[in-house]
Amino acid sequence: MAPSLLPFCCFSRRLQIPRLLLAWVTCLAIAVGTLLQPGLEGNARLWHHFSNKSNREQGYCEAEARLASSLDFWTLSSENLIAVLPVDPVKENYVRKVKNCVFSIAFPTPFKSRVHLVAVSKEVLEDILDLDLSVSETDDFIQLVSGKKIVFGSIPLAHRYGGHQFGIWADQLGDGRAHLIGIYMNRNGDGRAVLRSSVREFLCSEAMYYLGIPTSRAASLVVSDDEVWRDQFYNGNIVKERGAVVLRVAKSWFRIGSLEILTHYGELDLLRTLLDFIIQEHFPSVDIREPNRYVEFFSIVVSEMAQLIALWMSVGFAHGVCNTDNFSLLSITIDYGPFGFMEAYNPDFVPNTSDDERRYKIGNQANIGMFNLNKLLQALNPLLDPGQKQLAAQILEGYPVLYYTRFRELFKAKLGLLGERKGDDDLIAFLLHLMEKTEADFTMTFRQLSEIAQSQLQELHIPQQFWALKMISKHELFPAWVSQYLVRLKSNMNDSDFERRKRMMTVNPRYVLKNWMAESAVQKAERNDFSEVYLLQQVLHHPFQKHSAAEKAGYSSPTPAWARDLRVSCSS
């Protein structure tokens, strides 16, 4: 019998550099793949050809020599993309339905007020974009990442896609605030992103990367004084906010909805063209000449999606809006909106106040992955023969086992367990049960188990510094769990308490971007104080290491009282 998807719950891999996709999103975005996608007044993305190795793979002098010291020596190209995938012949920029194309040309609308560069990621600029950090100090750079300047060779594009939103087909969606280097008009909106959501996206995408989770990256964050009006909680309370832009980077911005829209409108030749392009660019293990290439492609996506969601669960990350238009075909985390890192352990945790039915609660993410993969299979079905359809259906049926296997591996590592022993599943489930009943902090429970000595556990003496464990210790069944845990640790071959703790501290972060931390940074940023954005950027770069300034700021302490009812929404 196949295991259940667990009430709670690919592999960690870094983005490769060969090609790059940039996107603006009133936040800008970059993709590491073949192209660059623009996105402004929302998200900007650029698709850029580039095949240099990262700086980490080269000698320092060689890396220094190849970094562009000016945008005059740095180019983008959209040609590889538009040479294969059709572009809407209508050049005017307005909200409309389009057919028989994958992109529309959409130039960004620059901010009217002065813009301020809040933050950049040195690693993204230098290791991915081959830009010297000094370039970020130039006016040309600020104009580029705010959408005012179009780099030579770039053609700003907006991507057409559809999707199932909260389980219902939403028809054509497309880039709301994103460009493949350029600006895209938001669906019936102003195409702008606000400072609030942009700070969150910039910080979280980089935080996820350093947690070892496949994700889009953030190169820069720019803020303006342009007025943007938003009803943050959809309750009629419209307030004035500030416009902002994040430059995002990813290998590709194609998502499940990119294929769904083509199947929905019967554009099967274009569906085949787009699929072959994606496979050729991003799935090198699949032979493009093979008749079964679409089944092989689907098998890889199923496997990597299971691993990605298991990784989310291992750090308590809830995406918030797991629609098919927000699920990357490359199984990387994209489209950071009303996300949240779970604080008190609760399988029903929902960070998004717009999710009234709690569809995307953290404990349901694995099941939503299955739903989204089924929609992907439906999009592929017109290109499959009966035998291929049957094989693909069998592959999908294997998703729960793939997910459960990876979930177990990750949580065993979080507990420092080596090898396979009967009862490991029960030990994990027992702890999660105690955490739920005591509302213990998810991140700090596992971190403090990494730091506490076995002798302290055995004596049931929990020092006050281990406040999350102390909370669980109040449960009457805590001694029973400790007893089982210590017996299991003794079965670890060639292990010591020192080695256990050292091992566990490499997989259990001390710091994640909890919503209250992001909100504190946002509130200060609204007053032009970006000090906490800088601090969080530094701390989240090394989430497994103790940081004195982070400790002083309370990032490993219980959630402050003012933030206990903090809410986030889809509004950006």
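All values derive from a computational prediction rather than experimental measurement.

Cut-offs used in this document
Residues numbered from 1 in each chain as written. Predicted model: local features only at pLDDT ≥ 70, side-chain atom pairs only at ≥ 80, totals over all residues. Heavy atoms only, no water. Core = buried A, V, L, I, M, F, W, Y, C linked by side-chain atoms within 4.5 Å. Buried < 20%, exposed > 50% of the residue type's maximum accessible area, 1.4 Å probe, protein only. Helix = DSSP H or I, 4+ residues; strand = E, 2+ residues; numbered from the N terminus. Contact = heavy atoms within 4.5 Å. Axes fitted to C-alpha atoms, helices over the stretch in contact; angles between N-to-C directions. Parallel < 35°, antiparallel > 145°, perpendicular 65-115°, else oblique. Left-handed = near helix turned anticlockwise from the far one by under 90°. Nonpolar A, V, L, I, M, F, W, Y, C, P; charged D, E, K, R; others polar. Phe/Tyr/Trp six-rings, centres within 6.5 Å; stacked < 30°, edge-to-face > 60°. Lys NZ or Arg CZ within 6 Å of the ring centre and 35° of its normal. Salt bridge = Lys/Arg side-chain N within 4 Å of Asp/Glu carboxyl O.

Once that is clear, we can look at the nonpolar core. Counting 125 residues, the largest nonpolar core has Phe254, Leu259, Trp481, Tyr485 and Leu513 as its most contacted members. The leading source of residues in this core is helix 8 (residues 293–314), at 14 residues. Leave out the neighbours within four places in its chain, and Tyr485 touches Leu415, Leu417, Leu427, Leu449, Leu457, Arg500 and Met504. By size, the runner-up hydrophobic cluster in this structure holds 24 residues, among which are Val120, Val135, Ile142 and Val249.

The subject of this paragraph is unusual backbone geometry. Unlike most non-glycine residues, Asp335 shows phi in positive territory, near 60 degrees. Positive phi values are uncommon outside glycine, yet Arg358 reaches one of about 60 degrees. Assignment of secondary structure puts Arg358 in the loop between strand 14 (340–341) and helix 9 (365–380).

Another point: the packing of helix 5 (residues 195–210) against helix 18 (residues 515–525). For the pair helix 5 and helix 18, interaxial distance at closest approach is 9 Å and the crossing angle is 130 degrees. With respect to helix 18, the element helix 5 is oriented oblique. Crossing hand, helix 5 versus helix 18: right-handed. Contacts between helix 5 and helix 18 pair Leu195, Arg196, Val199 and Arg200 from the former with Asn515, Ala518, Val522 and Ala525 from the latter. The residue makeup of the contact of helix 5 with helix 18, split by class, is five nonpolar, one polar and two charged.

Moving on, we come to the packing of aromatic side chains. In this structure the tally under the stated criterion is 21 aromatic pairs. Judged by centre distance (6.3 Å) and plane angle (25 degrees), the ring pair of Tyr345 and Phe442 falls under stacked. Within this pair, whereas Tyr345 is found in the loop between strand 14 and helix 9, its partner Phe442 is found in helix 13 (residues 442–451), the two being separated by 97 residues in sequence. Residue Phe442 is classed as buried on the basis of its relative accessible area of 1%. Taken together, the ring pairs connect Tyr345, Tyr399, Tyr403, Phe407, Phe411, Phe442 and Phe446 into an aromatic cluster. A cation over a ring is seen here: Arg255 above Tyr161, with NZ or CZ 4.4 Å from the ring centre. It is Lys414 that lies over the ring of Phe446; its NZ or CZ is 4.6 Å from the centre.

The next point concerns the pattern of salt bridges. Applying the stated criterion across every chain, the model contains 25 salt bridges. For the salt bridge of Glu451 with Arg510, the shortest nitrogen-to-oxygen distance reads 2.8 Å. With a gap of 59 residues between them, Glu451 in helix 13 and Arg510 in the loop between helix 17 (497–504) and helix 18 connect regions that are remote in the sequence. For the pair Glu451 and Arg510, one class covers both residues: buried. In this structure, the salt-bridge partner of Arg500 is Asp497, at a minimum N-O distance of 2.9 Å.

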